[in-house]
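Here's the letter readout for the chains.
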Amino acid sequence: MLKIINPANETQIRELEEDSASSIQEKFNRAKASQKAWAKTPLSQRLNSIKKFKDLLSDRKEQLASTLTSETGKPISQARNELNAMGGRIDFFLNHTEVTLGDEIVVNDPTQKLEERISHEPLGVVANISAWNYPYFVGSNVFVPALLAGNSVLYKPSEFASLTGLAIADALYDAGIPKDVFIPIIGAGTTGSELLKQPVNGVFFTGSYATGVKIAQAAAPKMVKLQLELGGKDPSYICDDADVKAAAESTADGAFYNNGQSCCSVERIYVHTKIYDAFVDHFIKTVKNFVIGEPTDDKTYIGPLTRAPQLQILERQVADAKAKGAKLLCGGGRIKRAGFFFEPTVFVDTNHSMELMREESFGPLIGIQRVSSDAEALALMNDTEYGLTAGIYTKDRSRAEKVLAEVNSGSAYWNCCDRVSPRLPWSGRGHSGVGSTLSTYGIQAFVQPKAWHLRLV
Ligand code: NAD
């Protein structure tokens, strides 16, 4: 049985039956058997179901937000924000699937008696192994376009967001998605690896680099579409001409929103020496104003971490930074109460010998480092195995674009951070993953092109 724990008080909320090898096999068979008929249903019908799903998420917002908060500890206002943003994300897919997946005639030349055309076929049955930190976002980035494109989906929510995963399945069924076309699979890592033993036609994973490597190895012999959306160590650079207060407030939110448990959280900050002290002052003021407390309270900004083991990772990074000479300006340890609470923690005078500047913290911990030029900042921003997002704060657009063009990351932010747009591709480089979701790339990801060479008669 899978125990669902409330991270705010460590009590058990529910127990769920975990899938076994045989139930996964049976679910795969159902998904396989249903897929062709689903692909043949008119796109308009699939679009209607997804539109209805969107409406149901909105109708059920309070109940869904409360479930999400109970199992992940996400502050309720942030759980509502996640659900509120679903409308815009789903609208993008509703508005762009038909045109993106339509046939494209690239040549039609009666004189040569030649037509060349591209059509798009669904992959088949896809495995969607998902994370807990934004289960609505990272799940729907995969299953919404996958379903619209005519695939069946075996959806394994994270073991830390399983109630939300089941609530998503209920909403999809109530919206008209057949029960054999979208099938949740409940369990932890061993359940995920069991799922990958099935002959699925695509593997779409969101999670850590360490697990991503295992997923890639399991998927390799299948020779199927593989996408991995992994972690990050995302930098922000504050130039000497930046609006210092605005940059401090923006990056503090980028570092601490969702308790720093976002793949695109700001994880390290480089500040030009000319404005370093002023920036640090504003940053600390902002962090000290964050309301820490019960995640069910509307006013709470920092709740508990979702997973207990992350507390030790943060403690290790704190000890390492202290030992190597970083200066602790606030926080630094667990909060003495029930639940997985950790103080918002800020180090200054950090350097790249420290784990907190190199390894994903995925928690309320940030290091700030002084730099004296754009070139130095750029070299440090690129001194990482990860490549998800990077940001720069300056009044000078051409300066920003010059630096960002040289940063090896999938997303580039000018005067902003920790931002995702459904209109833009979401992709990582290096240890941050392969492939793209969102945008039209994130629709094409769920189909395979067929090239038609037609000799006209
Ligand atoms: P995780 O890697 O621990 O788990 C992710 C999923 O993989 C879970 O469903 C888990 O049960 C499953 N899993 C674990 N071992 C498996 C195995 N051997 N075979 C198959 N499945 C297995 O990650 P997490 O803690 O859920 O998420 C946090 C990580 O995800 C962070 O690194 C974060 O940066 C990253 N993330 C990335 C993005 C992105 O878009 N790039 C978005 C959200 C989260």
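For the structure itself, consult the block above.
Undergrad: Summarise the overall build of the chain; cite the residues concerned and give the values.
TA: Along the chain, the regular secondary structure elements total 14 helices and 22 strands. Compactness check: the chain gives a C-alpha radius of gyration of 23 Å against a globular reference of 23 Å for 457 residues, within 12% of the reference. Expressed along its principal axes, the backbone C-alpha trace of the chain runs to roughly 75 × 60 × 40 Å. Taking all 457 residues of the chain together, 56% fall into the buried category. In the chain, the share of contacts with a sequence separation of at least 24, taken over all contacts with a separation of at least 6, comes to 71%.

Undergrad: Account for the pairing of strand β16 (residues 389-393), with residues named and values stated.
TA: Looking along a regular strand, one sees the side chains alternate between the two faces of the sheet. Within β16, five of the five residues are buried, leaving the element largely enclosed by the surrounding structure. Burial of the side chains of β16 extends over both faces: T389, G391 and Y393 are buried on one face and A390 and I392 on the other. Inspection of the sheet shows strand β10 (residues 234-238) paired to β16 by three bridges, in the parallel sense. From the neighbouring strand, S236 faces β16, where its bridge partner is G391. Strand direction decides the pairing type here: β16 and strand β17 (residues 411-414), joined by four bridges, are parallel. Looking across to β17, one finds that A390 is bridged to A412. Read from β16 through helix α13 (residues 397-406) to β17, the crossover connection turns out right-handed.

Undergrad: Give me the lowdown on helix α6 (residues 162-174), citing residues and values where you can.
TA: In a regular helix each residue adds 1.5 Å, so 13 residues correspond to 18 Å; α6 covers 18 Å between its end C-alpha atoms and thus fits that length. Buried residues dominate α6, accounting for 10 of its 13 residues. Positioned one or two residues after α6, G176 has a phi angle of 110°, which is positive.

Undergrad: Help me get a handle on the pattern of salt bridges, residues and values and all.
TA: When the charged atoms of two side chains with opposite charge come close together, those side chains can pair. Going through the model one piece at a time under the given rule, you end up with 29 salt bridges. The salt bridge involving R316 is made with E359; its shortest N-O contact spans 3.2 Å. Of the two residues, R316 is situated in helix α11 (residues 309-323) and E359 in the loop between β13 (345-348) and β14 (365-371); the sequence distance between them amounts to 43 residues. Residue classification places E359 among the partly exposed positions, given a relative accessible area of 36%. Taking the shortest distance from any N to any O, the salt bridge between D383 and R358 comes out at 3.1 Å. Taken as a pair, D383 in the loop between α12 (374-381) and β15 (386-387) and R358 in the loop between β13 and β14 lie far apart in primary sequence, 25 residues in all. Salt bridges linked by common partners bring D240, D241, K274, D374 and R399 together as one network.

Undergrad: Tell me what's going on with the side chain of R268, and back it up with residues and numbers.
TA: Looking at where R268 falls in the secondary structure, it is placed in strand β11 (residues 266-272). No salt bridge forms around the buried R268; measuring N to O, its nearest opposite-charge neighbour D383 is 6.5 Å away. One polar contact links R268 to Y270, side chain to side chain, over a distance of 2.7 Å. Polar side-chain contacts of R268 include one of 2.9 Å to the backbone oxygen of L380. For R268, the residues in contact, after removing those within four places along its chain, are K233, D234, P235, S236, H352, M357, I366, G367, L380, M381, D383 and T384.

Undergrad: Any details on the nonpolar core? Residues and values, ideally.
TA: Judged by nonpolar contacts, the single largest core of 82 residues is most densely connected at F182, F279 and F283. For this core, the leading source of residues is helix α4 (residues 76-101), giving nine residues. In contact with F279, not counting residues within four places along its chain, are I238, V244, A247, A248, T251, I269, V271 and I368. One finds L311, M357, M381 and V403 within the second-largest nonpolar core, a separate group that totals 27 residues.

Undergrad: Residue-level account of the site of the ligand, with values.
TA: Taken together, 29 residues are adjacent to the ligand, and E159, S208, T211, L230 and E360 come closest. Within the side chain of K156, a nitrogen or oxygen atom sits 2.9 Å from an oxygen atom of the ligand. Interatomic distance of 2.7 Å between a side-chain N/O atom of T211 and an oxygen atom of the ligand. Bound to the protein, the ligand loses 91% of the 850 Å² it would expose on its own. Of all the secondary structure elements, the ones that give two or more residues to the shell around the ligand are α7 (189-195), β8 (202-206) and α8 (209-219). Partitioning the shell around the ligand into residue classes produces 13 nonpolar, 11 polar and five charged.

Undergrad: I'd like a rundown of the sheet that holds strand β9 (residues 225-229), residues and numbers included.
TA: The six strands are arranged β7-β6-β5-β8-β9-β20 in an open sheet whose pairing can be described as mixed. Strand pairing shows two members of the sheet lacking a second neighbour, β7 (182-184) and β20 (433-434), which therefore form its edges. Helix-sheet contacts for α6 involve β6 (152-156) and β7, and the interaxial angle to β7 is about 155°. Along the sheet, α8 makes contact with β5 (125-129), β8 and β9, crossing β9 at roughly 180°.

Rules behind the numbers
- Residues numbered from 1 in each chain as written.
- Predicted model: local features only at pLDDT ≥ 70, side-chain atom pairs only at ≥ 80, totals over all residues.
- Heavy atoms only, no water.
- Helix = DSSP H or I, 4+ residues; strand = E, 2+ residues; numbered from the N terminus.
- Rg over C-alpha atoms; globule rule 2.2 N^0.38 Å.
- Buried < 20%, exposed > 50% of the residue type's maximum accessible area, 1.4 Å probe, protein only.
- Contact = heavy atoms within 4.5 Å.
- Pairing = 2+ DSSP bridges.
- Right-handed = clockwise from strand over helix to strand, strands pointing away.
- Expected span 1.5 Å × (residues − 1).
- Salt bridge = Lys/Arg side-chain N within 4 Å of Asp/Glu carboxyl O.
- Lys, Arg positive; Asp, Glu negative; His and termini not counted.
- Polar contact = N/O pair within 3.5 Å; in protein donor to acceptor, adjacent residues only side chain to side chain.
- Core = buried A, V, L, I, M, F, W, Y, C linked by side-chain atoms within 4.5 Å.
- Near = heavy atom within 4 Å.
- Areas by Shrake-Rupley, 256 points an atom, 1.4 Å probe, with all protein chains shown as cover.
- Nonpolar A, V, L, I, M, F, W, Y, C, P; charged D, E, K, R; others polar.
- Axes fitted to C-alpha atoms, helices over the stretch in contact; angles between N-to-C directions.

So, to be careful, I would describe these as geometric facts and stop short of saying anything about function.
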